[in-house]
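Remarks on the overall topology
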Amino acid sequence: MCGIVGYIGNREAYPILIKGLHRLEYRGYDSAGIALIDSESNLHVYKTKGKVANLEQYCKDKNISGTIGIAHTRWATHGEPNDVNAHPHYSQSENLALIHNGIIENYLPLRQMLEKNGFTFVSQTDTEVLVQFIEYVRSKSQCSLYEAVHQALSQVVGAYAIGVLEKGNADVLVAARKGSPLIVGVGEQEYFLGSDASPIVEYTKNVIYLGEEEIVEIKRGSSDILIKNLSNVKLKPQIQKIQMDLSEIEKGGFEHFMLKEIFEQPKSLEMCMNGRVQTEMQEIILSGIRDNIAKFRNARRILITACGTSWHAALIGKYLIEYYCKIPVEVEVASEFRYRNPVVFEDDVLIAISQSGETADTLAAIELAKANGAFIYGICNAVGSSVARLTHSGTYTHAGPEIGVASTKAFTTQVAVLTMITLLLGKELGTIDDSTYKHLVTSLSEVSKKIEKILSKADKIEQISKVFTYARNFMYLGRGYNYPVALEGALKLKEISYIHAEGYPAAEMKHGPIALVDEEMPIVVVAPKFKIYDKIVSNIEELKARKGKIIAIVTEGDTNIANIADYVIEIPSTEECLSPLLTVIPLQLLSYYIATAKGRNVDQPRNLAKSVTVE
Ligand code: G6P
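Throughout what follows, the structure given in this document is the object of discussion. (Residues numbered from 1 in each chain as written. Predicted model: local features only at pLDDT ≥ 70, side-chain atom pairs only at ≥ 80, totals over all residues. Heavy atoms only, no water.)

A short note on helix H14 (residues 409-429)
Taking 1.5 Å of rise per residue, the 21 residues of H14 would be expected to cover 30 Å, and the 30 Å separating its terminal C-alpha atoms lies within 8% of that figure. For H14, a buried count of 18 out of 21 residues is recorded, marking the element as mostly surrounded by other parts of the structure. Backbone geometry just after H14 places Gly 430 at a positive phi near 75°. (Helix = DSSP H or I, 4+ residues; strand = E, 2+ residues; numbered from the N terminus. Expected span 1.5 Å × (residues − 1). Buried < 20%, exposed > 50% of the residue type's maximum accessible area, 1.4 Å probe, protein only.)

Concerning the side chain of Ser 123
In this fold, Ser 123 is placed in the loop between helix H3 (107-116) and helix H4 (126-141). Judged by relative accessible area, Ser 123 falls into the buried class, the value being 2%. Beyond its immediate stretch of four places on either side in the chain, Ser 123 contacts Val 84, Asn 85, His 89, Arg 111 and Glu 128. (Contact = heavy atoms within 4.5 Å.)

Considering the site of the ligand
Neighbouring the ligand are 13 residues, the closest being Ser 310, Ser 354, Gln 355, Ser 356 and Thr 359. Thr 309 has a polar backbone atom sitting 3.0 Å from an oxygen atom of the ligand. In the model, an oxygen atom of the ligand is placed 2.4 Å from a nitrogen or oxygen of the Thr 359 side chain. Expressed as a share of its isolated accessible area of 390 Å², the protein-covered part of the ligand is 91%. Assessed atom by atom at 2 Å from the grid points, the ligand resides in the second largest pocket. Looking at the shell around the ligand, the element that brings in the most residues is helix H10 (residues 308-325), giving 3 residues. (Near = heavy atom within 4 Å. Polar contact = N/O pair within 3.5 Å; in protein donor to acceptor, adjacent residues only side chain to side chain. Areas by Shrake-Rupley, 256 points an atom, 1.4 Å probe, with all protein chains shown as cover. 1 Å grid on protein atoms, 1.4 Å probe; cavity = no way out; pocket = protein on both sides within 12 Å on 5 of 7 lines; lining within 4 Å. Sits in = over half its atoms within 2 Å of the grid points.)

So, the side chain of Asp 30
Tracing the backbone shows Asp 30 in the loop between helix H1 (13-24) and strand S2 (31-37). Leaving out residues up to four positions away in the same chain, Asp 30 has contacts with Lys 49, Gly 50, Arg 74, Trp 75, Ala 76 and Pro 81.

Some thoughts on the nonpolar core
Nonpolar side chains in soluble globular proteins generally cluster together in the buried interior. With 89 residues, the main nonpolar core has Ile 284, Ile 302, Phe 474 and Tyr 476 as its most contacted residues. Residue-level mapping places this core at the junction of two domains, with at least three residues from each of domain 2 (251-445) and domain 3 (455-598). If we ignore the near neighbours within four places in the chain, the residues touching Phe 474 are Phe 468, Leu 493, Ile 499, His 500, Ala 501, Glu 502, Met 521, Pro 522, Val 524, Ile 551 and Ile 594. Listed in part, the 33 residues of the second largest apolar core include Tyr 7, Leu 24, Tyr 29 and Ile 183. (Core = buried A, V, L, I, M, F, W, Y, C linked by side-chain atoms within 4.5 Å. Domains from an automatic or database assignment.)

Observations concerning the packing of H4 against helix H5 (residues 145-154)
Between two packed helices, what matters for the description is the angle formed by their axes and the separation of those axes. Between H4 and H5, whose axes approach to 8 Å, the crossing angle comes to 120°. In this structure, H4 meets H5 at a crossing whose hand is right-handed. Residue-level inspection shows Leu 130, Phe 133, Ile 134, Val 137, Arg 138 and Ser 141 of H4 in contact with H5, the latter providing Leu 145, Ala 148, Val 149, Gln 151, Ala 152 and Leu 153. A class-by-class count of the residues in the contact of H4 with H5 yields 9 nonpolar, 2 polar and 1 charged. (Axes fitted to C-alpha atoms, helices over the stretch in contact; angles between N-to-C directions. Left-handed = near helix turned anticlockwise from the far one by under 90°. Nonpolar A, V, L, I, M, F, W, Y, C, P; charged D, E, K, R; others polar.)

Concerning the pattern of salt bridges
Taken as a whole and judged by the stated rule, the model has 30 salt bridges. Residue Lys 409 is joined to Glu 264 by a salt bridge in which the shortest nitrogen-to-oxygen separation is 2.7 Å. Of the two residues, Lys 409 sits in helix H14 while Glu 264 sits in the loop between helix H6 (257-263) and helix H7 (265-273), which places them 145 residues apart along the sequence. Each member of the pair, Lys 409 as well as Glu 264, carries the same accessibility label: buried. The residue Lys 492 makes a salt bridge to Glu 488 at a minimum N-O spacing of 2.7 Å. Of the two residues, Lys 492 and Glu 488 both sit in helix H18 (residues 482-497), 4 residues apart, roughly one turn of that helix. A relative accessible area of 0% places Glu 488 in the buried class. Shared partners join several salt bridges into a network, and the residues in it are Lys 19, Arg 23, Glu 202 and Glu 250. (Salt bridge = Lys/Arg side-chain N within 4 Å of Asp/Glu carboxyl O.)

Observations regarding the pairing of strand S20 (residues 348-354)
Of all 7 residues that make up S20, 7 are buried, and the element is covered over most of its length. The two faces of S20 match: Asp 348, Leu 350, Ala 352 and Ser 354 on one face and Val 349, Ile 351 and Ile 353 on the other face are all buried. Where strand S18 (residues 301-306) lies against S20, 5 bridges are found, and the strand directions are parallel. Looking at the pairing, Leu 303 lines up with Leu 350 of S20. Bridging between S20 and strand S21 (residues 375-380) involves 6 bridges; their strand directions are parallel. When the bridges of S21 are listed, Ile 351 appears paired with Tyr 377. Assessed by its sense of winding, the connection that carries the chain from S20 through helix H12 (residues 360-371) to S21 is right-handed. (Pairing = 2+ DSSP bridges. Right-handed = clockwise from strand over helix to strand, strands pointing away.)

Printed below as a string of structure tokens:
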């Protein structure tokens, strides 16, 4: 939530910052702003409500010159999204400007203290409190900007990624992080800041992932990068190479990132399985599991925690692991897990799943389980993210950057990783027989081709979607492995079309949701042909008897359901445990086409942000 960009070097900062904001807009788009220091060392702040495009419009007649600057795109936490609450925030003297991603929890007592000391505030934000506090510390102790930021942050409770500029100090940029991500890009005689690598990758592949509670000072024309932690220990900058390619973060001819990412799934799954699913040898190779097999072998149980779409992948993980590995699995959304004082044993394994690797609740759940001695395994997409760094071991999904706020390719690659983990564990623990193992490895390697086939019939799904733009409610039903897929289908629809949608276990709908069914109600039933097929056919009959409009996701050639349902969308046949990788694709497309037909901004739906770095 909230995107941060910064630049110091020899080029004009404004175009770099604006481009960076566009790339980070998925993190929040309530308001945007920019601070620049011009050649006379004057500090200018321009900010406005709305998207980055509004900011560009606003800046048209302003002085936007300067080779140092910071910029911000906001997802509001404290204070409504308006011009005043937008970042950057000035300090009282207007000598400092600050951008912030996170929440300062003790902002009220700090604000009261500052007010007693003559500070006045123009916004309702915690961020303005922080910049004023830094100014207060600076004026009290007459220290450098870096020292003032350091001292101020030592007294701050909360989460932050910040960038600070000072009038008259055009050669220094100070930044810091705790809880929220921040990356420093290291170019030739120039530096960049970014909440992720997307604003940086065009200029340099050398980056420093700032660690927890670290404060950095970067100076124009100097190769010395000063990094200290809050305990005042000086740290050696660790420069790493990012793998990301510019083409991965551009739309590549698609109308929206979401559509591009849906269509990328065959490729992202291949990347995910590359070198891991060995088709010739019919083997799974996952070093994270192999190197820690004893932890899994001795595990009392596996806990899986995640949020949003990643939680739906986790639910599929439970079906997979319990069935094939015979290890008890508990799945819980991270925000519940972290606050209910859960029982965690030293011989538990906690798997944390996160696309961004930065979701605040998931990170807190990891910390909690770690403090209780559990072994922590991460499944995440963003390389170098906090999940990757906080966990004992893990597997990257290698889906490539996901920009659309509604998660698509991250989900399928998470499910693929969970499937690979299951197969390997099952083999190592002796809970899967060899022929089943080899057969499933081969079937998994064929999934990408099958997804291509579903995608090639996207126009049929687009046709169906046009019928349902009238709907105010939708129901999604599924059983077994496809119950979490029903939840995911409902989430996709509500996120981007703003149509209310509920996912339910198909049989459970008789215990309540069936009361909602009438001739207006579209019901998506995920009904591929597996062992409880007959039961789900009965469920469809029950819904038809009440005049519900059925859109069924069925296995190719299923004429039975085709005769009962209003619309059918076919998926190629596969093994039951692999079916979520296929059945979710039509649901993603259905949501996309309904939302675009309704004129929604599918890449940046209202009130949402891709990376939820606050609680
Ligand atoms: C937000 C995003 C979702 C995502 C969830 C968890 O709600 O909009 O798409 O599934 O966060 O994010 P994570 O990065 O931890 O998977």
